[in-house]
Amino acid sequence: MKFRSIKGTYDVLPNVSNKWKNVESYIHQHLSRSGYSEIRTPIFENTDLFKRGVGEDSDVVSKEMYSWIDQGGTDLTLKPEYTASVVRSYIQNNLNSISPISKLYYIGDLFRRERPQKGRYRQFRQFGIEAIGSKYPEQDAEIISIAYNILSELGIQDITLNLNSIGSSETRKKYRQILIDFLKPNYDQLSESSKNRLDSNPLRILDTKNKSEMKLLEKAPMITEYLSNEDEIHFNEVQQYLNDLNIPFILDTNLVRGLDYYTRTTFEIVSSKLGAQDALCGGGRYDNLVQSLGGKPTPSVGFAAGFERILLAMDDENELVEKNIKKIYFIGLGNEVKSTMIKILGEIRNAGYYIEFDPLRRSIKSQLREANKLGASITIILGEKEMEEQCVQIKDLSSGNQESAPFDSIIPYLKSLK
Ligand code: HAM
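Reference entry: report on the structure contained in this document. (Residues numbered from 1 in each chain as written. Predicted model: local features only at pLDDT ≥ 70, side-chain atom pairs only at ≥ 80, totals over all residues. Heavy atoms only, no water.)

**Some details on the sheet that holds strand β11 (residues 300–306)**
A sheet is described by the order of its strands in space; here eight strands give the open sequence β1-β5-β6-β11-β10-β9-β7-β8, paired in mixed fashion. The open sheet terminates on both sides in strands that have one partner only, identified here as β1 (37–38) and β8 (250–251). Strand direction decides the pairing type here: β1 and strand β5 (residues 102–111), joined by two bridges, are parallel. Pairing of Glu38 across the sheet is with Tyr105, part of β5. Contacts from helix α1 (residues 14–33) reach β1, β5 and β6 (123–132) within the one sheet, and its direction differs from that of β5 by about 160 degrees. Contacts between helix α9 (residues 229–244) and the sheet are confined to β7 (159–165), β8, β9 (265–271) and β10 (279–285), with β7 contributing the most and set at about 160 degrees to the helix. (Pairing = 2+ DSSP bridges. Helix = DSSP H or I, 4+ residues; strand = E, 2+ residues; numbered from the N terminus. Contact = heavy atoms within 4.5 Å. Axes fitted to C-alpha atoms, helices over the stretch in contact; angles between N-to-C directions.)

**A look at the sheet that holds strand β3 (residues 67–69)**
Overall, antiparallel pairing links the three strands, which are arranged β2-β4-β3 in an open sheet. At either margin of the open sheet sits one strand with a lone partner, and together these are β2 (44–46) and β3. Strand after strand, the sheet turns through a mean of 35 degrees between neighbouring axes, direction not considered. Two elements, β2 and strand β4 (residues 75–78), share three bridges in a ladder whose sense is antiparallel. Across the sheet, residue Phe44 finds its bridge partner in β4, namely Leu78.

**Quick look at α1**
Between the first and last C-alpha of α1 there are 29 Å, a value that for 20 residues agrees with the 28 Å anticipated at 1.5 Å per step. Packing partners of the buried residues in α1 comprise β5, β6, α5 (137–153) and α11 (307–313). Backbone geometry just after α1 places Gly35 at a positive phi near 90 degrees. (Expected span 1.5 Å × (residues − 1).)

**With respect to the packing of aromatic side chains**
Under the counting rule described, the total for this entry stands at eleven aromatic pairs. Between Phe127 and Phe303, the aromatic rings sit 5.7 Å apart at their centres with planes inclined by 90 degrees, giving edge-to-face as the arrangement. Of this pair, Phe127 sits in strand β6 while Phe303 sits in strand β11, placing them 176 residues apart in sequence. With 5.8 Å between their ring centres and 45 degrees between their planes, Tyr175 and Tyr226 make a pair best called tilted. On the criterion of sequence distance, the pair formed by Tyr175 in helix α6 (residues 169–183) and Tyr226 in the loop between α8 (211–217) and α9 is long-range, its members being 51 residues apart. Classification of Tyr226 as partly exposed rests on a relative accessible area of 24%. Counting every residue linked through ring pairs, the aromatic cluster contains Tyr10, Trp20, Tyr121, Phe127, Phe267, Phe303 and Phe307. In this arrangement the basic side chain of Arg125 is found over the ring face of Phe307, its NZ or CZ atom lying 6.0 Å from the centre. (Phe/Tyr/Trp six-rings, centres within 6.5 Å; stacked < 30°, edge-to-face > 60°. Buried < 20%, exposed > 50% of the residue type's maximum accessible area, 1.4 Å probe, protein only. Lys NZ or Arg CZ within 6 Å of the ring centre and 35° of its normal.)

**A word on the nonpolar core**
Core analysis: the largest hydrophobic core is formed by 43 residues, its most contacted members being Phe127 and Phe303. Here this core takes eight residues from α5, the largest share from any one element. Membership of the second largest hydrophobic core comes to 41 residues, among which are Phe124, Val290, Leu293 and Ala304. (Core = buried A, V, L, I, M, F, W, Y, C linked by side-chain atoms within 4.5 Å.)

**Considerations on the site of the ligand**
Lining the immediate surroundings of the ligand are 27 residues, of which Glu81, Glu114, Tyr121, Glu130 and Tyr262 lie closest. Between Tyr261 and the ligand, the recorded distance is 3.0 Å, taken from a side-chain N or O atom to a nitrogen atom. Burial of the ligand by the surrounding chains reaches 95%, relative to a free accessible area of 660 Å². Counting residues per element, the ones that place at least two in the shell around the ligand are β6, β10 and β11. When residues in the shell around the ligand are grouped by element, the largest group, six residues, is from β10. (Near = heavy atom within 4 Å. Polar contact = N/O pair within 3.5 Å; in protein donor to acceptor, adjacent residues only side chain to side chain. Areas by Shrake-Rupley, 256 points an atom, 1.4 Å probe, with all protein chains shown as cover.)

**Focus on the pattern of salt bridges**
Throughout the structure, instances matching the rule amount to 19 salt bridges. When the shortest N-O distance is used, the salt bridge between Glu24 and Arg125 registers 2.8 Å. With Glu24 in helix α1 and Arg125 in strand β6, this residue pair connects regions lying 101 residues apart in the sequence. Measuring nitrogen to oxygen at the nearest pair gives 2.8 Å for the salt bridge that ties Asp231 to Arg264. A residue pair is termed long-range when its members are at least 10 positions apart, and Asp231 in helix α9 and Arg264 in the loop between β8 and β9 qualify at 33 residues. By relative accessible area, Asp231 is classed as buried at 0%. When salt bridges with common partners are traced through the structure, they connect Glu24, Asp109 and Arg125 into a single cluster. (Salt bridge = Lys/Arg side-chain N within 4 Å of Asp/Glu carboxyl O.)

**Examining the pairing of β7**
The buried count for β7 comes to six of seven residues, which makes it a mostly enclosed element. As judged from the seven bridges shared by β7 and β9, these two strands associate in the antiparallel manner. Residue pairing for β9: Ser165 is matched across the bridge by Thr265.

**Thoughts on the packing of α1 against α5**
Where α1 contacts α5, the axes come no closer than 11 Å and their chain directions differ by 140 degrees. For the pair α1 and α5, the crossing hand works out as right-handed. Where α1 abuts α5, its residues Tyr26, Ile27, His30 and Leu31 lie against Ile146, Ile150 and Glu153. (Left-handed = near helix turned anticlockwise from the far one by under 90°.)

**Describing the side chain of Glu45**
Secondary-structure assignment places Glu45 in strand β2. Since its relative accessible area comes to 8%, Glu45 is described here as buried. Among the polar contacts made by the side chain of Glu45, one reaches the side chain of Ser85 at a distance of 2.6 Å. Of note is the side chain of Glu45, whose polar atom sits 2.8 Å from the side chain of Arg88. Every residue in contact with Glu45, bar those within four places of it in the chain, is listed here: Phe50, Asp75, Leu76, Thr77, Lys79, Ser85 and Arg88.

Below, the structure is given as C-alpha coordinates:
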(Lines give C-alpha, C1' and ligand atoms only; values in the text may rest on other atoms or scores of the structure.)
Protein backbone atom coordinates (compact mmCIF):
# COMPACT_ATOMS: atom_id res chain seq x y z
CA MET A 1 0.00 0.00 0.00
CA LYS A 2 1.23 3.45 -0.89
CA PHE A 3 0.58 6.05 1.77
CA ARG A 4 -0.67 9.49 0.81
CA SER A 5 -0.97 12.67 2.82
CA ILE A 6 -4.33 13.22 4.53
CA LYS A 7 -6.96 15.11 2.52
CA GLY A 8 -6.60 18.85 3.04
CA THR A 9 -2.92 18.61 4.05
CA TYR A 10 0.16 19.08 1.91
CA ASP A 11 3.95 18.80 1.97
CA VAL A 12 6.15 21.88 1.73
CA LEU A 13 8.75 20.63 -0.73
CA PRO A 14 12.29 22.00 -1.12
CA ASN A 15 11.41 24.06 -4.20
CA VAL A 16 9.05 26.24 -2.15
CA SER A 17 10.29 25.87 1.41
CA ASN A 18 12.73 28.74 0.91
CA LYS A 19 9.89 31.04 0.04
CA TRP A 20 8.05 29.99 3.20
CA LYS A 21 11.17 30.57 5.27
CA ASN A 22 11.77 33.99 3.77
CA VAL A 23 8.20 35.11 4.38
CA GLU A 24 8.41 33.86 7.96
CA SER A 25 11.70 35.55 8.68
CA TYR A 26 10.36 38.79 7.20
CA ILE A 27 7.31 38.55 9.49
CA HIS A 28 9.48 37.88 12.56
CA GLN A 29 11.57 40.94 11.72
CA HIS A 30 8.64 43.22 10.95
CA LEU A 31 6.68 42.31 14.10
CA SER A 32 9.70 42.52 16.40
CA ARG A 33 10.45 45.96 14.96
CA SER A 34 6.88 46.95 15.79
CA GLY A 35 7.37 46.00 19.46
CA TYR A 36 5.56 42.64 19.43
CA SER A 37 7.04 39.55 21.12
CA GLU A 38 6.51 35.98 20.02
CA ILE A 39 4.30 33.64 22.02
CA ARG A 40 4.10 29.88 21.38
CA THR A 41 1.21 27.89 22.78
CA PRO A 42 0.63 24.11 22.65
CA ILE A 43 -0.83 22.56 19.54
CA PHE A 44 -3.80 21.21 21.53
CA GLU A 45 -5.95 22.62 24.29
CA ASN A 46 -9.06 21.70 26.28
CA THR A 47 -12.05 21.53 23.95
CA ASP A 48 -14.04 23.77 26.30
CA LEU A 49 -11.58 26.63 25.74
CA PHE A 50 -12.73 26.95 22.13
CA LYS A 51 -16.38 26.27 22.93
CA ARG A 52 -16.34 29.11 25.44
CA GLY A 53 -13.94 31.37 23.55
CA VAL A 54 -14.96 31.05 19.92
CA GLY A 55 -18.62 30.17 20.54
CA GLU A 56 -20.54 26.89 20.26
CA ASP A 57 -22.66 28.18 17.36
CA SER A 58 -19.71 29.17 15.20
CA ASP A 59 -18.92 26.88 12.24
CA VAL A 60 -15.40 26.39 13.58
CA VAL A 61 -16.61 24.93 16.88
CA SER A 62 -19.81 23.22 15.77
CA LYS A 63 -18.45 21.52 12.62
CA GLU A 64 -14.74 21.84 12.10
CA MET A 65 -12.75 20.93 15.19
CA TYR A 66 -10.50 17.90 15.46
CA SER A 67 -11.43 16.74 18.96
CA TRP A 68 -10.91 13.52 20.84
CA ILE A 69 -11.03 12.10 24.33
CA ASP A 70 -7.55 11.02 25.38
CA GLN A 71 -6.62 7.93 27.41
CA GLY A 72 -7.12 9.91 30.64
CA GLY A 73 -10.64 10.93 29.66
CA THR A 74 -9.76 14.58 28.86
CA ASP A 75 -11.62 16.24 25.98
CA LEU A 76 -8.92 17.76 23.76
CA THR A 77 -8.89 19.71 20.49
CA LEU A 78 -6.19 20.54 17.97
CA LYS A 79 -6.06 24.34 17.95
CA PRO A 80 -8.42 25.66 15.25
CA GLU A 81 -7.33 29.28 15.95
CA TYR A 82 -4.85 31.09 18.15
CA THR A 83 -6.73 33.87 19.89
CA ALA A 84 -8.47 31.75 22.56
CA SER A 85 -5.22 29.88 23.20
CA VAL A 86 -3.18 33.11 23.54
CA VAL A 87 -5.76 34.59 25.90
CA ARG A 88 -5.73 31.37 27.97
CA SER A 89 -1.96 31.72 28.28
CA TYR A 90 -2.20 35.45 29.05
CA ILE A 91 -4.55 34.71 31.98
CA GLN A 92 -2.71 31.60 33.23
CA ASN A 93 0.69 33.32 33.22
CA ASN A 94 -0.55 36.65 34.64
CA LEU A 95 0.96 38.56 31.76
CA ASN A 96 -1.03 41.60 32.92
CA SER A 97 1.27 41.80 35.97
CA ILE A 98 4.30 42.27 33.70
CA SER A 99 2.83 45.12 31.68
CA PRO A 100 -0.59 46.74 31.30
CA ILE A 101 -0.33 46.06 27.57
CA SER A 102 0.74 42.68 26.16
CA LYS A 103 1.77 42.88 22.52
CA LEU A 104 2.06 39.33 21.29
CA TYR A 105 2.53 37.62 17.94
CA TYR A 106 2.56 34.03 16.76
CA ILE A 107 3.31 31.87 13.75
CA GLY A 108 2.06 28.30 13.69
CA ASP A 109 -0.18 25.55 12.41
CA LEU A 110 -3.91 25.21 12.96
CA PHE A 111 -6.51 22.56 12.16
CA ARG A 112 -10.03 22.88 10.84
CA ARG A 113 -12.00 20.13 9.15
CA GLU A 114 -13.28 22.31 6.30
CA ARG A 115 -14.01 21.26 2.74
CA PRO A 116 -10.59 21.48 1.09
CA GLN A 117 -10.17 23.74 -1.93
CA LYS A 118 -7.64 26.22 -3.29
CA GLY A 119 -6.54 28.35 -0.32
CA ARG A 120 -8.46 26.24 2.19
CA TYR A 121 -6.80 23.34 3.99
CA ARG A 122 -7.38 21.17 7.03
CA GLN A 123 -3.93 21.93 8.39
CA PHE A 124 -2.94 25.51 7.63
CA ARG A 125 -0.53 28.10 8.94
CA GLN A 126 -1.24 31.53 10.36
CA PHE A 127 0.69 34.44 11.68
CA GLY A 128 -1.13 36.90 13.84
CA ILE A 129 -0.91 39.47 16.59
CA GLU A 130 -2.90 40.13 19.71
CA ALA A 131 -2.68 43.42 21.62
CA ILE A 132 -4.23 42.72 25.00
CA GLY A 133 -4.92 45.67 27.29
CA SER A 134 -5.92 48.75 25.31
CA LYS A 135 -9.45 49.93 24.61
CA TYR A 136 -8.36 52.85 22.49
CA PRO A 137 -8.95 53.19 18.74
CA GLU A 138 -5.29 53.93 17.99
CA GLN A 139 -4.59 50.33 18.99
CA ASP A 140 -7.14 49.08 16.44
CA ALA A 141 -5.57 51.31 13.78
CA GLU A 142 -2.07 50.06 14.61
CA ILE A 143 -3.16 46.42 14.32
CA ILE A 144 -4.90 47.03 10.99
CA SER A 145 -1.99 49.02 9.60
CA ILE A 146 0.51 46.30 10.55
CA ALA A 147 -1.59 43.71 8.69
CA TYR A 148 -1.98 45.99 5.67
CA ASN A 149 1.68 46.99 5.53
CA ILE A 150 3.01 43.45 5.85
CA LEU A 151 0.82 42.24 3.00
CA SER A 152 1.77 45.22 0.82
CA GLU A 153 5.47 44.86 1.57
CA LEU A 154 5.30 41.18 0.65
CA GLY A 155 4.42 42.46 -2.80
CA ILE A 156 0.79 41.34 -2.79
CA GLN A 157 -1.09 43.54 -5.17
CA ASP A 158 -4.82 44.19 -5.47
CA ILE A 159 -5.55 44.08 -1.75
CA THR A 160 -8.67 45.62 -0.25
CA LEU A 161 -9.26 46.35 3.41
CA ASN A 162 -12.91 45.92 4.45
CA LEU A 163 -13.87 47.53 7.73
CA ASN A 164 -16.91 47.48 9.98
CA SER A 165 -18.01 47.99 13.55
CA ILE A 166 -20.43 45.51 15.09
CA GLY A 167 -20.67 47.53 18.30
CA SER A 168 -20.69 46.37 21.89
CA SER A 169 -22.63 43.30 23.03
CA GLU A 170 -25.60 45.52 24.02
CA THR A 171 -25.68 46.99 20.51
CA ARG A 172 -25.61 43.53 18.99
CA LYS A 173 -28.35 42.23 21.25
CA LYS A 174 -30.61 45.08 20.08
CA TYR A 175 -29.65 44.67 16.41
CA ARG A 176 -30.06 40.89 16.55
CA GLN A 177 -33.79 41.25 17.20
CA ILE A 178 -34.13 43.94 14.52
CA LEU A 179 -32.46 41.63 11.99
CA ILE A 180 -34.64 38.67 12.99
CA ASP A 181 -37.75 40.86 12.60
CA PHE A 182 -36.57 41.80 9.10
CA LEU A 183 -35.68 38.24 8.03
CA LYS A 184 -38.67 36.34 9.49
CA PRO A 185 -41.17 37.60 6.86
CA ASN A 186 -38.63 36.58 4.19
CA TYR A 187 -37.99 33.15 5.73
CA ASP A 188 -38.82 31.26 2.52
CA GLN A 189 -36.12 33.10 0.60
CA LEU A 190 -33.40 31.97 3.00
CA SER A 191 -31.02 29.08 2.37
CA GLU A 192 -31.13 26.04 4.63
CA SER A 193 -28.04 27.10 6.59
CA SER A 194 -29.42 30.62 7.11
CA LYS A 195 -32.77 29.21 8.28
CA ASN A 196 -30.82 27.23 10.87
CA ARG A 197 -28.95 30.33 11.93
CA LEU A 198 -31.95 32.61 12.19
CA ASP A 199 -32.48 31.93 15.88
CA SER A 200 -29.02 30.79 16.98
CA ASN A 201 -26.75 33.30 15.21
CA PRO A 202 -28.66 35.60 12.83
CA LEU A 203 -25.74 38.02 12.35
CA ARG A 204 -23.80 35.31 10.53
CA ILE A 205 -26.46 35.44 7.79
CA LEU A 206 -25.01 38.84 6.85
CA ASP A 207 -21.85 36.98 5.82
CA THR A 208 -23.65 34.93 3.17
CA LYS A 209 -22.16 34.36 -0.27
CA ASN A 210 -25.55 33.28 -1.64
CA LYS A 211 -26.51 35.76 -4.42
CA SER A 212 -30.27 35.94 -3.72
CA GLU A 213 -29.66 36.32 0.01
CA MET A 214 -27.18 39.08 -0.68
CA LYS A 215 -29.87 40.85 -2.74
CA LEU A 216 -32.37 40.47 0.08
CA LEU A 217 -29.87 41.80 2.61
CA GLU A 218 -29.36 44.98 0.60
CA LYS A 219 -32.65 46.12 2.11
CA ALA A 220 -31.85 44.92 5.64
CA PRO A 221 -31.25 47.44 8.43
CA MET A 222 -27.51 48.02 8.93
CA ILE A 223 -25.78 47.38 12.23
CA THR A 224 -23.91 50.68 12.01
CA GLU A 225 -27.26 52.49 12.32
CA TYR A 226 -27.67 51.01 15.80
CA LEU A 227 -24.23 51.73 17.26
CA SER A 228 -24.19 53.42 20.66
CA ASN A 229 -22.65 56.84 20.97
CA GLU A 230 -19.38 55.40 22.36
CA ASP A 231 -19.25 52.70 19.67
CA GLU A 232 -19.64 55.36 17.02
CA ILE A 233 -16.96 57.65 18.47
CA HIS A 234 -14.58 54.67 18.63
CA PHE A 235 -15.34 53.64 15.05
CA ASN A 236 -14.94 57.20 13.72
CA GLU A 237 -11.57 57.51 15.42
CA VAL A 238 -10.36 54.19 13.98
CA GLN A 239 -11.24 55.51 10.53
CA GLN A 240 -9.58 58.84 11.23
CA TYR A 241 -6.33 57.14 12.28
CA LEU A 242 -6.39 54.89 9.23
CA ASN A 243 -6.72 57.99 7.07
CA ASP A 244 -3.78 59.52 8.95
CA LEU A 245 -1.77 56.37 8.23
CA ASN A 246 -2.75 56.49 4.54
CA ILE A 247 -4.38 53.07 4.75
CA PRO A 248 -7.27 52.91 2.28
CA PHE A 249 -10.40 51.02 3.39
CA ILE A 250 -13.94 50.23 2.34
CA LEU A 251 -16.82 50.23 4.81
CA ASP A 252 -18.65 46.90 4.68
CA THR A 253 -21.60 46.87 7.05
CA ASN A 254 -22.14 43.13 6.53
CA LEU A 255 -18.68 42.17 7.80
CA VAL A 256 -19.50 40.29 11.00
CA ARG A 257 -16.78 37.56 10.92
CA GLY A 258 -17.29 33.91 11.79
CA LEU A 259 -15.99 33.78 15.34
CA ASP A 260 -18.27 34.94 18.14
CA TYR A 261 -15.87 36.92 20.32
CA TYR A 262 -15.76 40.15 18.32
CA THR A 263 -16.93 43.53 19.61
CA ARG A 264 -16.79 46.86 17.78
CA THR A 265 -14.11 46.85 15.05
CA THR A 266 -14.03 43.97 12.57
CA PHE A 267 -11.89 43.87 9.43
CA GLU A 268 -10.67 41.64 6.65
CA ILE A 269 -8.10 42.11 3.92
CA VAL A 270 -8.97 40.35 0.69
CA SER A 271 -7.08 39.93 -2.58
CA SER A 272 -8.64 39.71 -6.02
CA LYS A 273 -5.74 37.44 -7.00
CA LEU A 274 -7.29 34.62 -4.95
CA GLY A 275 -10.41 32.69 -5.89
CA ALA A 276 -13.41 32.02 -3.64
CA GLN A 277 -11.18 31.91 -0.55
CA ASP A 278 -10.07 35.51 -0.94
CA ALA A 279 -9.52 36.53 2.71
CA LEU A 280 -5.82 36.96 3.39
CA CYS A 281 -6.43 38.02 6.94
CA GLY A 282 -9.15 38.84 9.40
CA GLY A 283 -9.43 40.25 12.84
CA GLY A 284 -10.96 42.78 15.13
CA ARG A 285 -11.59 43.85 18.67
CA TYR A 286 -12.65 41.33 21.32
CA ASP A 287 -13.22 43.27 24.53
CA ASN A 288 -15.07 40.50 26.42
CA LEU A 289 -12.94 37.44 25.67
CA VAL A 290 -10.40 37.72 28.51
CA GLN A 291 -13.21 38.01 31.03
CA SER A 292 -15.28 35.21 29.52
CA LEU A 293 -12.24 32.91 29.78
CA GLY A 294 -11.81 33.71 33.48
CA GLY A 295 -9.58 36.81 33.50
CA LYS A 296 -10.24 40.40 34.51
CA PRO A 297 -12.12 42.54 31.95
CA THR A 298 -9.39 43.44 29.44
CA PRO A 299 -10.04 45.10 26.08
CA SER A 300 -8.10 43.53 23.22
CA VAL A 301 -7.69 43.58 19.47
CA GLY A 302 -5.84 41.40 16.97
CA PHE A 303 -5.75 39.72 13.59
CA ALA A 304 -4.49 36.57 11.92
CA ALA A 305 -3.43 35.94 8.33
CA GLY A 306 -3.22 32.68 6.41
CA PHE A 307 0.21 31.78 5.03
CA GLU A 308 -1.03 29.56 2.21
CA ARG A 309 -3.15 32.38 0.82
CA ILE A 310 -0.29 34.86 1.19
CA LEU A 311 2.00 32.58 -0.78
CA LEU A 312 -0.65 32.03 -3.44
CA ALA A 313 -1.16 35.77 -3.82
CA MET A 314 2.52 36.71 -3.70
CA ASP A 315 4.29 37.66 -6.84
CA ASP A 316 6.71 34.82 -7.67
CA GLU A 317 9.40 37.35 -8.47
CA ASN A 318 9.37 38.63 -4.92
CA GLU A 319 12.28 36.79 -3.37
CA LEU A 320 12.42 39.06 -0.30
CA VAL A 321 15.50 38.74 1.89
CA GLU A 322 16.89 36.05 -0.37
CA LYS A 323 17.85 38.60 -2.99
CA ASN A 324 20.24 40.32 -0.60
CA ILE A 325 22.15 37.16 0.15
CA LYS A 326 25.35 36.54 -1.76
CA LYS A 327 25.53 32.86 -2.68
CA ILE A 328 28.89 31.16 -3.06
CA TYR A 329 29.44 27.90 -4.87
CA PHE A 330 32.59 25.96 -4.01
CA ILE A 331 34.00 23.92 -6.89
CA GLY A 332 36.46 21.29 -5.75
CA LEU A 333 38.28 19.35 -8.47
CA GLY A 334 39.97 16.03 -7.74
CA ASN A 335 39.95 13.72 -4.73
CA GLU A 336 43.12 15.21 -3.18
CA VAL A 337 41.46 18.58 -2.56
CA LYS A 338 38.37 17.28 -0.72
CA SER A 339 39.64 17.52 2.83
CA THR A 340 41.00 21.06 2.31
CA MET A 341 37.78 22.02 0.56
CA ILE A 342 35.64 20.83 3.48
CA LYS A 343 37.86 22.74 5.93
CA ILE A 344 37.67 26.01 3.95
CA LEU A 345 33.95 25.55 3.34
CA GLY A 346 33.41 25.26 7.11
CA GLU A 347 35.41 28.42 7.76
CA ILE A 348 33.46 30.39 5.17
CA ARG A 349 30.16 29.07 6.50
CA ASN A 350 31.15 29.96 10.06
CA ALA A 351 31.92 33.47 8.88
CA GLY A 352 28.21 33.75 7.99
CA TYR A 353 28.26 33.22 4.23
CA TYR A 354 25.81 31.17 2.18
CA ILE A 355 27.97 28.49 0.58
CA GLU A 356 27.30 25.17 -1.12
CA PHE A 357 29.44 22.52 -2.75
CA ASP A 358 28.91 19.49 -4.97
CA PRO A 359 28.69 16.28 -2.95
CA LEU A 360 28.33 14.23 -6.17
CA ARG A 361 31.94 14.80 -7.38
CA ARG A 362 30.71 15.93 -10.79
CA SER A 363 32.73 17.52 -13.60
CA ILE A 364 33.67 21.21 -13.53
CA LYS A 365 31.10 21.83 -16.28
CA SER A 366 28.27 20.28 -14.27
CA GLN A 367 29.35 22.14 -11.14
CA LEU A 368 29.36 25.46 -13.00
CA ARG A 369 25.89 24.67 -14.31
CA GLU A 370 24.77 23.95 -10.73
CA ALA A 371 26.26 27.25 -9.52
CA ASN A 372 24.29 29.01 -12.21
CA LYS A 373 21.07 27.24 -11.33
CA LEU A 374 21.49 28.24 -7.71
CA GLY A 375 21.94 31.90 -8.66
CA ALA A 376 25.43 31.98 -7.13
CA SER A 377 27.22 35.30 -7.43
CA ILE A 378 30.67 33.92 -6.51
CA THR A 379 32.46 30.68 -7.30
CA ILE A 380 35.52 29.46 -5.44
CA ILE A 381 37.63 26.96 -7.35
CA LEU A 382 40.13 24.62 -5.76
CA GLY A 383 42.03 22.22 -8.05
CA GLU A 384 45.37 20.44 -7.92
CA LYS A 385 47.29 23.51 -9.12
CA GLU A 386 45.71 25.69 -6.42
CA MET A 387 46.48 23.02 -3.81
CA GLU A 388 50.16 23.20 -4.73
CA GLU A 389 50.09 27.01 -4.47
CA GLN A 390 47.95 26.95 -1.26
CA CYS A 391 45.36 29.28 -2.76
CA VAL A 392 41.89 29.30 -4.38
CA GLN A 393 40.51 31.08 -7.43
CA ILE A 394 37.63 33.40 -6.51
CA LYS A 395 35.41 34.51 -9.35
CA ASP A 396 32.90 37.31 -8.96
CA LEU A 397 30.24 36.20 -11.44
CA SER A 398 28.61 39.62 -11.68
CA SER A 399 31.78 41.48 -12.72
CA GLY A 400 33.58 38.48 -14.26
CA ASN A 401 36.72 39.30 -12.21
CA GLN A 402 38.77 36.34 -11.08
CA GLU A 403 41.63 36.49 -8.61
CA SER A 404 43.57 34.03 -6.59
CA ALA A 405 43.50 34.29 -2.81
CA PRO A 406 45.84 32.46 -0.42
CA PHE A 407 44.08 30.05 1.97
CA ASP A 408 44.53 32.38 4.94
CA SER A 409 43.05 35.44 3.25
CA ILE A 410 39.89 34.03 1.66
CA ILE A 411 37.49 35.59 4.17
CA PRO A 412 39.08 39.08 4.09
CA TYR A 413 38.93 38.85 0.29
CA LEU A 414 35.21 37.88 0.35
CA LYS A 415 34.56 40.79 2.73
CA SER A 416 36.25 43.17 0.29
CA LEU A 417 33.77 42.21 -2.47
CA LYS A 418 30.73 44.46 -2.64
P1 HAM B 1 -10.07 33.62 10.78
O2 HAM B 1 -10.78 34.61 9.90
O3 HAM B 1 -10.79 32.39 11.12
O4 HAM B 1 -9.67 34.42 12.07
O5 HAM B 1 -8.69 33.22 10.11
C6 HAM B 1 -7.76 34.21 9.72
C7 HAM B 1 -7.13 33.84 8.38
O8 HAM B 1 -6.62 32.51 8.42
C9 HAM B 1 -8.12 33.82 7.21
O10 HAM B 1 -8.32 35.11 6.69
C11 HAM B 1 -7.37 32.93 6.22
O12 HAM B 1 -6.37 33.67 5.52
C13 HAM B 1 -6.69 31.92 7.13
N14 HAM B 1 -7.48 30.67 7.19
C15 HAM B 1 -8.54 30.39 7.96
N16 HAM B 1 -8.99 29.13 7.74
C17 HAM B 1 -8.17 28.60 6.81
C18 HAM B 1 -8.07 27.32 6.15
N19 HAM B 1 -8.92 26.32 6.42
N20 HAM B 1 -7.10 27.14 5.22
C21 HAM B 1 -6.23 28.13 4.94
N22 HAM B 1 -6.26 29.35 5.52
C23 HAM B 1 -7.21 29.58 6.45
C24 HAM B 1 -9.02 33.87 13.15
O25 HAM B 1 -8.49 32.80 13.15
C26 HAM B 1 -8.94 34.81 14.32
N27 HAM B 1 -8.28 34.10 15.42
C28 HAM B 1 -8.20 36.08 13.95
C29 HAM B 1 -8.06 37.03 15.06
C30 HAM B 1 -6.95 37.22 15.82
N31 HAM B 1 -8.98 37.84 15.54
C32 HAM B 1 -8.50 38.54 16.56
N33 HAM B 1 -7.26 38.16 16.73
